[in-house]
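A closer look at the structure
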Amino acid sequence: MDKVTYVGNADVNAIEHLYQSYCKDPESVDIGWRKFFEGFDFARTNFEDGGEIPENFQKEFKVINLINGYRSRGHLFTKTNPVRERRKYEPTLAIENFGLDASDLETVFQAGDQVGIGPATLKDIIAHLEETYCQSIGIEYMFMREPERLAWFRDKIEIKNRPKFDVSRKANVYKKLVQASNFEAFLGKKYVGQKRFSVEGGEALIPALDALVDKGSSLGVEYFVMGMAHRGRLNTLTNIFQKRPQDIFSEFEGKEFDYNGAFDGDVKYHQGFTSKVNCSNGKEIGLTLAPNPSHLEAVDPVVQGIARAKLDHIFKDEDKVCPVMIHGDAAVAGQGIVYEVIQMALLDGYRAGGTIHIVVNNQVGFTTNFHDARSSTYCTDVAKTTLTPVFHVNGDDVEAVIQTIEIAMEYRQKFHRDVFIDLLCYRKYGHNEGDEPKFTQPQLYNIIAKHPNPKDIYLKQLLQEGSLTAEAAKKIEDEYNDFLENEFETARKNEKAVVWDFLSTTWEGFRHSKSEDFIQSPETGVAKDKLLALGRKLATLPEGKKYFRKIQKIFDDRLAAVENNNLDWGTAEMLAYASLLEEGHPVRVSGQDVERGTFSHRHAVVKTEDTEEEIITMNLLSEKQAPFYVYNSLLSEYGVLGFEYGYSLATPKGLTIWEAQFGDFFNGAQIMIDQFITAGEDKWSTQSGLTMLLPHGYEGQGAEHSSGRMERFLQQCAEDNIQVVNTSTPANHFHLLRRQLNRPFRKPLVVFSPKMLLRYPDATSTLEEMATGRFQEVLDDPTAIANNVETVVFCSGKFYYELKQKAAEMGVDNMAFVRVEQLYPLPQKQIEAIIAKYSAKNILWAQEEPENMGAWTHIAMKLRHIPFKGIYRPAAPAAAEGSKKLHERRLKQLFADVFQYASVTAK
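The paragraphs below set out a description of the structure included in this document. (Residues numbered from 1 in each chain as written. Predicted model: local features only at pLDDT ≥ 70, side-chain atom pairs only at ≥ 80, totals over all residues. Heavy atoms only, no water.)

Looking only at helices and strands, the chain has 29 helices and 26 strands in total. Overall, the C-alpha framework of the chain stretches about 115 × 75 × 50 Å when taken along its three principal axes. Out of the 907 residues belonging to the chain, those deemed buried represent 60%. Taking as baseline every contact in the chain between residues at least 6 positions apart, the subset at least 24 positions apart corresponds to 80%. Computed over 106 positive and 127 negative side-chain charges, the inter-centroid distance for the chain is 4 Å. (Helix = DSSP H or I, 4+ residues; strand = E, 2+ residues; numbered from the N terminus. Buried < 20%, exposed > 50% of the residue type's maximum accessible area, 1.4 Å probe, protein only. Contact = heavy atoms within 4.5 Å. Lys, Arg positive; Asp, Glu negative; His and termini not counted. Charge placed at Lys NZ, Arg CZ, Asp CG, Glu CD.)

Given below as structure tokens:
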């Protein structure tokens, strides 16, 4: 039974209910109320024989209201801002606003039990509340609904309050502040004017992260996955991830990358990194910092995906892997991807055990003041959508920062929920070191110019306490400065900058691709008897359960298709997954409605009719199979695609798939495609085998349900960065999916998957076609007679079937229809061989998309030496027409344009 907890105001009926609950079972109410009622009962026994209830009894409830006022609104009256005066909020926490006055200050109240100090004077209760809620730390947590979480927080902050650091701990904290501060000063001195996006003003981040890793290790974390933007990144890399400063200095020198492969690289504050560090408890812990672009917060879902993959396949325990996101204040409030990721936190398919969010709050964007950057009170108010607790802490009080970090780490390990830390600090310079901030914030930067840095503030405190001598402090600084000088001298001797592969251990045994890898696909067939056995298992639901009659028919039909050797698209797809699972490769499919499939073709998850028990036949193949994961996603493209990309980075031996509901819906995730999927290997040397299924095809469904916008992907194709395909047979799709895991490298795969062909009678395949062979980049016309062909029509996808059907209706006998199944890397030699075979007068490229879309411009540019004539819809701003009749009229015109080259056999 949940314990009944406090109420937010002195509602008589509510308090009476609490008291009656206490009388029945003292353990059923919160400990604070239990102690209060114990005091109340004690007082009543002394006065019930003709006595009167104590005069201050009614005021007890007013004091309780005051306590709850501090708990719920104390964060508004803190000393958390190091350089600005806090905004004023009304009503204040003055005792007069709670029906109390100065005459009550020396009165003893039982309500002191509520905050863990026992019966106490009102003055002492207020002092305790001020120390807890209104100093360097503010906390928002009262909106949480679970009594256990609320009680846990009150115990941590009200009863235990501020911890005391011993002399050794203080010296270590100072050492990390020296590293943070002096590293930035060193860069500023050696590389004047170069961008470094320093952490100055927020140096407390470094000892905070150091404490986070150490505390996490003591609580069972074995691996941290972090994401952050550019500010403070270099400092974090060297002082937390232990990247050698000499490697960073070499990047400042602008030296070429020392890397065995064609790779352009990226700026130094975007690179990823993976390392292992030793904690104070002697344990070694893994750290990964995900690479990221300048698109703020875009890395958030990538971090979640990496962490989830580590959980699924290596650690299998949420205690052992912890994601950490380091945000900026303007970005966390302004970028919608933050909301998407927060909404993923507790979903079965996407949870990663809770994320620690640290906001480095500079109180300004590039040049934008905070009051122009958000409507909410705090930049962290997005956290409240999922009832996530938020700490606000003064970045100048490094011990308070560490306390919040450690409480956050404990909370995450206890509840596996998100937690936010708003680290209020400032940005010493402009957005970059060459920018002038006084153009836009002259008053603020006059204050900042005179403000001591956190290192000096803490040193002054330590000297006053006697915790550290000036000589010891100087020794710490001198040793670190000497270390940097030695690293600098080594860097000057290095001829090239070193690129450190992030997640390199995960990718052992893989190599980067070579151009010859794409001449022909590898063999990917699976023995027919194996396919038959897998097909039967996939199509057989467990007995003894009640199924919806339509789903039973679908599975019966699927089984019949397997037995009759006539497989449709959905069955071939499922067989590809099943064969990979049997070979030990995990498969994960995610996206909107993927469990059933947008077009009701997959039915990977079946629910029983009476209990809604979930049945996944893909996981009932054998005891030794790899796991099959399939999840309906939240209604998000940007966040979910980013998550799956991250998942693929950490799962090179698995097949990771994201399916769009309709192909063009990917455009809500365009940043992920532009910055990560198509460019990630070139920028960061990171491979990904992510597969994207984008339903595509012009069938009169309008502008938003027709095109997967293949032209956008083809425009970004270069140096074999991705694979773009438009398959037309179930067997070729089967081989394509298997090919993803049958090569010694990984490439993103963009599939323009069908809609019409899912149930098209002519689009079926046999088990024999899957048992032998490989993915066919080009499919020749199986019925064309070479000597008769005067026109070769190259096309792609389902348009082939429409052209063949029209040709059959017209009796055309002098045309060959050739399918280019892989659009990139373009199978040029195979296309040239087809052209040579036919020696035709006319060579056409025919597509159902408009002239400015589809593959036409790609084909014309890549194969400019071939005299293609283009057949297409007229160029258009929208992908497709909204009218069914207009669609049919334009299709008719396409046929007319193609078949003007036809000769017709007389019937």
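We now examine the nonpolar core. Ranked by size, the top nonpolar core spans 99 residues in total, and within it Tyr174, Leu205, Phe224, Phe249, Val324, Ile356 and Phe391 carry the most contacts. At 10 residues, the largest contribution of residues to this core is made by helix α13 (residues 398–415). In this structure Ile356 touches Leu212, Cys322, Pro323, Val324, Met325, Ala408, Met409, Arg412, Val419 and Ile421, once residues within four positions along its chain are discounted. Counting 86 residues, the second-largest nonpolar core is a separate cluster that includes Ala309, Phe510, Trp684 and Val724. (Core = buried A, V, L, I, M, F, W, Y, C linked by side-chain atoms within 4.5 Å.)

The linkage connecting Glu90 with the following residue, Pro91, adopts the cis geometry, with an omega of -10°. With an omega dihedral of -10°, the bond running from Tyr824 to Pro825 counts as a cis peptide bond. Here Pro825 is to be found in the loop between β24 (822–824) and α27 (828–838). Its identity as a non-glycine residue notwithstanding, Gln363 has a phi of 65°, on the positive side. Inspection of the secondary structure assignment puts Gln363 in the loop between β9 (356–361) and β10 (390–394). We note that Glu612 has phi near 60°; this positive angle belongs to a residue other than glycine. In this structure, Glu612 sits in the loop between β14 (606–607) and β15 (614–615).

So, about the sheet that holds strand β3 (residues 137–140). In a beta sheet, neighbouring strands are held together by backbone hydrogen bonds and run either parallel or antiparallel to one another. Read from one edge of the open sheet, 8 strands run β3-β10-β11-β9-β8-β4-β7-β6, paired in mixed fashion. The open sheet terminates on both sides in strands that have one partner only, identified here as β3 and β6 (273–278). On average, each strand axis in the sheet is inclined to that of its neighbour by 20°, with strand direction left out of account. In the packing of α13 onto the sheet, the strands contacted are β3, β4 (223–228), β8 (321–328), β9, β10 and β11 (419–424), and the crossing angle to β10 comes to about 165°. (Pairing = 2+ DSSP bridges. Axes fitted to C-alpha atoms, helices over the stretch in contact; angles between N-to-C directions.)

Right, let's get into the pairing of β11. Counted residue by residue, β11 has 6 buried out of 6 residues, so it is predominantly covered. Relative to β11, β9 runs parallel, the two sharing 6 bridges. Pairing of Ile358 across the sheet is with Ile421, part of β11. Across 5 bridges, the pairing between β10 and β11 is parallel. When the sheet's bridge partners are listed, Val393 is paired in β11 with Leu423. The parallel pair β10 and β11, bridged by α13, forms a crossover whose chirality is right-handed. (Right-handed = clockwise from strand over helix to strand, strands pointing away.)

Before going further, it helps to examine the packing of helix α6 (residues 167–190) against helix α15 (residues 454–465). Where α6 meets α15, the axes come as close as 9 Å, and the angle between the chain directions of the two elements is 155°. Between α6 and α15, the crossing angle belongs to the class labelled roughly antiparallel. In terms of crossing hand, the pair formed by α6 and α15 is left-handed. Contact residues: Lys170, Val173, Tyr174, Leu177, Val178, Ser181 and Asn182 in α6; Pro454, Lys455, Tyr458, Leu459, Gln461, Leu462 and Glu465 in α15. Here the residues of the contact of α6 with α15 are counted per class, giving 8 nonpolar, 3 polar and 3 charged. (Parallel < 35°, antiparallel > 145°, perpendicular 65-115°, else oblique. Left-handed = near helix turned anticlockwise from the far one by under 90°. Nonpolar A, V, L, I, M, F, W, Y, C, P; charged D, E, K, R; others polar.)

Turning next to the packing of aromatic side chains. Two descriptors summarise a pair of aromatic rings, namely the distance from one centre to the other and the angle between the planes of the rings. Under the counting rule described, the total for this entry stands at 33 aromatic pairs. Centroid distance Phe895 to Phe899: 6.4 Å. Interplanar angle 50°. Geometry classified as tilted. Taken as a pair, Phe895 and Phe899 lie in helix α29 (residues 884–899) at a separation of 4 residues, close to a single helical turn. Of the residues examined, Phe899 reaches a relative accessible area of 7% and is grouped as buried. Here a set of aromatic residues connected by ring pairs shows up, and it is made of Tyr141, Trp152, Phe153, Phe391, Tyr411 and Phe415. The residue whose ring lies beneath Lys190 is Phe488, and the NZ or CZ to ring-centre distance is 4.6 Å. Cation over ring: Arg819 sits above Tyr800, and NZ or CZ is 3.7 Å from the ring centre. (Phe/Tyr/Trp six-rings, centres within 6.5 Å; stacked < 30°, edge-to-face > 60°. Lys NZ or Arg CZ within 6 Å of the ring centre and 35° of its normal.)

A few words now on the environment of Val63. Residue position: Val63 is located in helix α3 (residues 57–73). Note: C-alpha distance between Val63 and Phe109 (46 residues apart in sequence) is 7.8 Å. The residues touching Val63, leaving out its near neighbours within four places in the chain, are Leu100, Phe109, Ala111, Leu122 and Ile125.

Once that is clear, we can look at the state of the cysteines. For the structure shown, the criterion picks out 0 disulfides. The thiol of Cys134 is unpaired, and the distance to the nearest cysteine sulfur, on Cys379, comes to 19 Å. Cysteine Cys379 remains unbridged, with the sulfur of Cys425 as its closest cysteine sulfur at 10.0 Å. (Disulfide = S-S within 2.5 Å.)

On to the sheet that holds strand β19 (residues 723–725), then. With respect to topology, 7 strands assemble into an open sheet ordered β16-β13-β17-β18-β20-β19-β24, the strand pairing being mixed. What marks the edges here is a single partner per strand, and that holds for β16 (628–632) and β24. Taken over all neighbouring pairs, the strand axes of this sheet differ in orientation by 20° on average, direction set aside. Inspection of the sheet shows strand β17 (residues 655–659) paired to strand β18 (residues 691–693) by 3 bridges, in the parallel sense. Across the sheet, Glu659 pairs through a bridge with Leu693, a residue of β18. Strands β17, β18, β19, β20 (749–751) and β24 of the sheet are contacted by helix α24 (residues 730–739), whose axis makes an angle of about 160° with β20.

Next up on the list: helix α4 (residues 122–133). The terminal C-alpha atoms of α4 lie 16 Å apart, and with 12 residues this matches the ideal 16 Å at 1.5 Å per residue to within 8%. Those residues of α4 lying buried are Leu122, Ile125, Ile126, His128, Leu129, Thr132 and Tyr133. Buried residues of α4 fall within an arc of 160° about the axis and therefore sit on the same side. (Expected span 1.5 Å × (residues − 1). Arc of directions from axis to C-beta.)

Let's shift gears to the pattern of salt bridges. Inspection of the entire model under this criterion finds 48 salt bridges. For Lys170, the salt bridge goes to Glu465, with nearest N and O atoms at 3.2 Å. Here Lys170 is found in helix α6, whereas its partner Glu465 is found in helix α15, with 295 residues between them in sequence. Glu465 gets classed as partly exposed once you look at its relative accessible area, which sits at 40%. Of the charged contacts, one joins Glu487 and Arg244 as a salt bridge, the two residues approaching to 2.2 Å between their closest N and O atoms. Of the two residues, Glu487 is situated in helix α16 (residues 470–493) and Arg244 in the loop between α8 (233–239) and α9 (245–252); the sequence distance between them amounts to 243 residues. Residue class for Arg244 comes out partly exposed when judged on its relative accessible area of 40%. Taken together, the shared-partner salt bridges in this structure form one network comprising Glu184, Arg196, Glu200 and Lys428. (Salt bridge = Lys/Arg side-chain N within 4 Å of Asp/Glu carboxyl O.)

Moving on to the side chain of Ser765. Checked against the element boundaries, Ser765 lands in the loop between β20 and α25 (767–771). Look at Ser765 and you get buried, because its relative accessible area is 2%. Among the polar contacts made by the side chain of Ser765, one reaches the main-chain amide nitrogen of Ala731 at a distance of 2.9 Å. Excluding residues within four positions of it along the chain, Ser765 makes contact with Asn565, Asn566, Leu567, Thr729, Pro730, Ala731 and Met770. (Polar contact = N/O pair within 3.5 Å; in protein donor to acceptor, adjacent residues only side chain to side chain.)

Attention now moves to the packing of helix α17 (residues 528–538) against helix α18 (residues 549–563). Following both chains from N to C, one finds α17 and α18 inclined at 170°, their axes separated by 9 Å at the closest point. It follows from the interaxial angle that α17 and α18 lie roughly antiparallel. Two secondary-structure elements touch here, α17 through Leu532, Gly535, Arg536 and Leu538 and α18 through Phe555, Leu559, Val562 and Glu563. Classifying every residue of the contact of α17 with α18 gives 5 nonpolar, 1 polar and 2 charged.

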